Amino acid sequence: MPTAPTGSSSAIERCAGDPAAFVRDHWARAPLLRRGAGPDGFDDLLSLDDVDAILATTSPRVPAFRMVKDGQPLPPATHTRSGRVGSQPLSDLADPGKVFDQFHRGATIVLQSLHRAWAPLTAFCRELELFLTHPVQVNAYLTPPASRGLGVHHDTHDVFVLQVHGRKLWQVWDAAVPFPLGHQKKLPPGTDSPTEAPQVDAELAPGDCLYVPRGFRHAARTAETASLHLTVGMLTYNWNELLREVVEAVDQEAWAREGLPVGFADDPQGLAAGLAERVAELRRFLDKV
């Protein structure tokens, strides 16, 4: 079981409480709803005023920000403007007027990869990485009242949902598929509204945290007020990736770089025998790894 290095436990404790219990009972197994420390529980990481300042004064560019409504991304032209950086013309700068107009029409504002640009979240993600030894990223979602950005879907990485402002209703069901690969997946038609009872059916208030293991179907919608939450994604390394690295290391062995013999296509028995010899060599190589 992993243990937190000295000074790096605060981030995981804020999200999950007791780190050992979280790893033992929930990591990659089951959702966890952790009620928070009050209305300012995560304001130090990113506040509503911070989002307003980012959009109004820093001119973020696509894809550092995007907008989504009812599960569909909006065309960038509906919320961007042109401009220049030095002599370089740009056409994908956030237009604050258009952004907030789309927001009032029901669209969700998404600020992506904030761990790269927002110092409090950079430090927070680094602490999580030191505990997990897996990469961590974070996006922010500002959703207007009585709206949803994405429908029922599953993520291909584990996430912590940190509720910063307002309230949001979350439902989490069983895993759609075991250990999914790829990127975020919207479920196919016919599975958009699961019929079974959800494992989690709760309203998150400021300071609350929800852990959703990868592959678990989930959906969220705002209540009567706007909602700001952070989605902290943990991009778990898997055994498949490590095994590929091990097998790729075979390329350093001279026997693995030998060409197939001339006429191999006309000698299937000889090819099979040669392959058997190389598989035996591979086994010996793996025994040394």
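*Asks:* Before we move on, could you go through helix α3 (residues 48-57) and cite the residues and values that matter?
*Replies:* Turning to α3, its buried residues are Val-51, Ile-54 and Leu-55. Viewed along the axis of α3, the buried residues span an arc of 90°, placing them on a single side of the element. For α3, the exposed residues lying more than 90 degrees away from the buried face are Asp-49 and Thr-57. Elements in contact with the buried residues of α3: α4 (96-104), β6 (108-111), β7 (136-143) and β15 (227-234). Backbone geometry just downstream of α3 places Ser-59 in the positive-phi region, at approximately 50°.

*Asks:* Give a detailed account of the environment of His-229, specifying residues and quantitative values.
*Replies:* When you line up the elements, His-229 lands in strand β15. Remark: the alpha-carbon pair of His-229 and Gly-207, spanning 22 residues in sequence, is separated by 9.8 Å. Those residues in contact with His-229 that lie beyond four places of it in its chain are Asn-139, Ala-140, Tyr-141, Val-161, Leu-162, Gln-163, Val-164, Lys-168 and Trp-170. At 3.2 Å, the side chain of His-229 and the side chain of Thr-231 are in polar contact.

*Asks:* Tell me about the pattern of salt bridges, and name the residues and values.
*Replies:* Under the definition given, this model contains 11 salt bridges. Measuring nitrogen to oxygen at the nearest pair gives 2.9 Å for the salt bridge that ties Asp-44 to Arg-14. Residue Asp-44 is located in the loop between β1 (32-34) and α3, and its partner Arg-14 is located in helix α1 (residues 10-16); the two are separated by 30 residues in the primary sequence. Take Arg-14: its relative accessible area is 28%, and that puts it in the partly exposed class. Notably, a salt bridge pairs Asp-92 with Arg-61, separated by 2.9 Å at the nearest N-O pair. Of this pair, Asp-92 sits in strand β5 (residues 88-94) while Arg-61 sits in the loop between α3 and β2 (65-69), and the two are 31 residues apart along the sequence. Its relative accessible area of 18% is what places Asp-92 among the buried residues. Here the salt bridges do not stand alone but share partners, grouping Glu-258, Glu-277 and Arg-278 into one network.

*Asks:* For the environment of Ala-202, give the residues involved together with the corresponding values.
*Replies:* Mapped onto the fold, Ala-202 is located in strand β12 (residues 200-204). Apart from the residues lying within four places of it in its own chain, the contact partners of Ala-202 are Leu-33, Arg-35, Lys-168, Leu-169 and Trp-170.

Definitions and limits used
- Residues numbered from 1 in each chain as written.
- Predicted model: local features only at pLDDT ≥ 70, side-chain atom pairs only at ≥ 80, totals over all residues.
- Heavy atoms only, no water.
- Buried < 20%, exposed > 50% of the residue type's maximum accessible area, 1.4 Å probe, protein only.
- Helix = DSSP H or I, 4+ residues; strand = E, 2+ residues; numbered from the N terminus.
- Arc of directions from axis to C-beta.
- Contact = heavy atoms within 4.5 Å.
- Polar contact = N/O pair within 3.5 Å; in protein donor to acceptor, adjacent residues only side chain to side chain.
- Salt bridge = Lys/Arg side-chain N within 4 Å of Asp/Glu carboxyl O.

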